[in-house]
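Close look at the chain arrangement
Below, each chain spelled out in residue letters.
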Amino acid sequence: MSSTATSLISLGTGGAATVGTFYLYVGIRGKGKIDVKPDNVPYWSYGIGLLAANAGTAFQQLPTISQQLHDAFQGNPAIGEWGPGATAALATVAVFGLAPRAWKDSLLGALAPSLFAAAGGLWAMPANVLGSLLTSVVA
């Protein structure tokens, strides 16, 4: 182990997000030795979203997409008042309430940490705790 290694596996957040994304992609396809079950896709992509929050500019679009999703609902006068917690709740129901679909679950799972952080309160607790834990293991 190198003297500059400061974590358990020393991938860095950008490296871990990239490896996780590649693992998820290969596993969803299921044509090799890695097979990610559809029910596990949201958890993998949530972890990738947590890592992306601390990664380089290649991953910084996830929070921007989350904000745009929230703005689409909030800016609609037909809906009325719309808070960030409503966007987080909608994404959560879409992931766990609808049939598993890799594209939906991976996108919403990766966006969830920034949606939860924007919502604040109890929504932010998993993102803060798990994000700190995961970052300390890989960074």
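Reading the values: the criteria
- Throughout this document, residue positions are counted from 1 along each chain, in the order its sequence is written.
- It should be noted that, the model being predicted, local features are given only for residues of pLDDT at least 70 and side-chain atom pairs only at 80 or more, the latter also being counted only at that level, while totals for whole chains, interfaces and linings use all residues.
- Each side-chain value is derived from all of the structure's non-hydrogen atoms; neither hydrogens nor water enter the calculation.
- Segments assigned H or I by DSSP are reported as helices when at least four residues long, segments assigned E as strands when at least two residues long, and all are numbered from the N terminus.
- Expected span of a helix, by definition, is 1.5 Å for each gap between consecutive residues, and there is one gap fewer than residues.
- Contacts were defined at the residue level, with two residues in contact if any of their heavy atoms lie within 4.5 Å.
- Take the buried residues of types Ala, Val, Leu, Ile, Met, Phe, Trp, Tyr and Cys, join any two whose side-chain atoms come within 4.5 Å, and each joined set is a nonpolar core.
- Buried, partly exposed and exposed residues are distinguished by accessible area as a fraction of the type maximum, computed with a 1.4 Å probe on protein chains only: under 20%, between the cut-offs, and over 50%, respectively.
- Angular values range over 0 to 180 degrees, each being the angle between N-to-C directions of two axes fitted as lines to C-alpha atoms, with helices fitted over their stretch in contact.
- Orientation is classified from the angle alone, with under 35 degrees giving roughly parallel, over 145 giving roughly antiparallel, 65 to 115 giving roughly perpendicular, and any other angle giving oblique.
- Crossing handedness follows the turn of the near helix against the far one: under a right angle anticlockwise gives a left-handed crossing, and clockwise gives a right-handed one.
- The classification used treats Ala, Val, Leu, Ile, Met, Phe, Trp, Tyr, Cys and Pro as nonpolar, Asp, Glu, Lys and Arg as charged, and all other residues, Gly among them, as polar.
- Take the seven residues that end at a residue and the seven that start at it, fit an axis to each, and the angle between those axes is the bend at that residue.
- By definition here, a salt bridge exists when the distance from a side-chain nitrogen of Lys or Arg to a carboxyl oxygen of Asp or Glu is within 4 Å.

What to know about helix α6 (residues 121–138)
Its 18 residues place the ends of α6 26 Å apart at the C-alpha level, agreeing with the 26 Å of an ideal helix rising 1.5 Å per residue. Next to the buried residues of α6 lie α1 (13–29), α2 (41–52) and α5 (102–119).

Quick look at the nonpolar core
Across soluble globular proteins, you tend to see nonpolar side chains buried next to one another. Counting residues in each nonpolar core, the largest one holds 21 residues, and the members touching the most others are Tyr46, Leu115 and Phe116. Those elements that provide at least two residues to this core are α1, α2, α4 (84–97), α5 and α6. A per-element tally of this core places α5 first, with 6 residues.

A short note on the packing of α4 against α5
At a minimum axis separation of 9 Å, α4 and α5 run at an interaxial angle of 155°. The angle between the axes of α4 and α5 places the two elements in the roughly antiparallel class. Crossing angle aside, the handedness with which α4 passes α5 is left-handed. Note on element contacts: α5 touches α4 through Lys104, Asp105, Leu108, Leu115, Phe116, Ala118 and Ala119, opposite Pro84, Gly85, Thr87, Ala88, Ala91, Thr92, Ala94 and Val95. A class-by-class count of the residues in the contact of α4 with α5 yields 10 nonpolar, 3 polar and 2 charged.

Some details on α5
If you check α5, its first and last C-alpha atoms are 25 Å apart, about what 18 residues at 1.5 Å a residue would give, namely 26 Å. The axis of α5 is deflected most strongly, by about 40°, at Ala112, and proline Pro113 appears within four residues downstream. Buried within α5 are the following residues: Lys104, Asp105, Leu108, Gly109, Ala110, Leu111, Ala112, Pro113, Leu115 and Phe116. Close packing links the buried residues of α5 with α2, α3 (61–74), α4 and α6. Trailing α5 by a residue or two, Gly120 shows a phi angle of about 70°, which is positive.

A closer look at the pattern of salt bridges
Two side chains that carry opposite charge are able to pair once their charged atoms sit near each other. Inspection of the entire model under this criterion finds 2 salt bridges. The partner of Lys37 in a salt bridge is Asp35, with the nearest N and O atoms 2.8 Å apart. We note a salt bridge from Lys104 to Asp105, for which the minimum N-O separation is 2.6 Å. An identical accessibility class is assigned to Lys104 and Asp105; each is buried.

Note that all results are geometric; they support no functional claim without further evidence.
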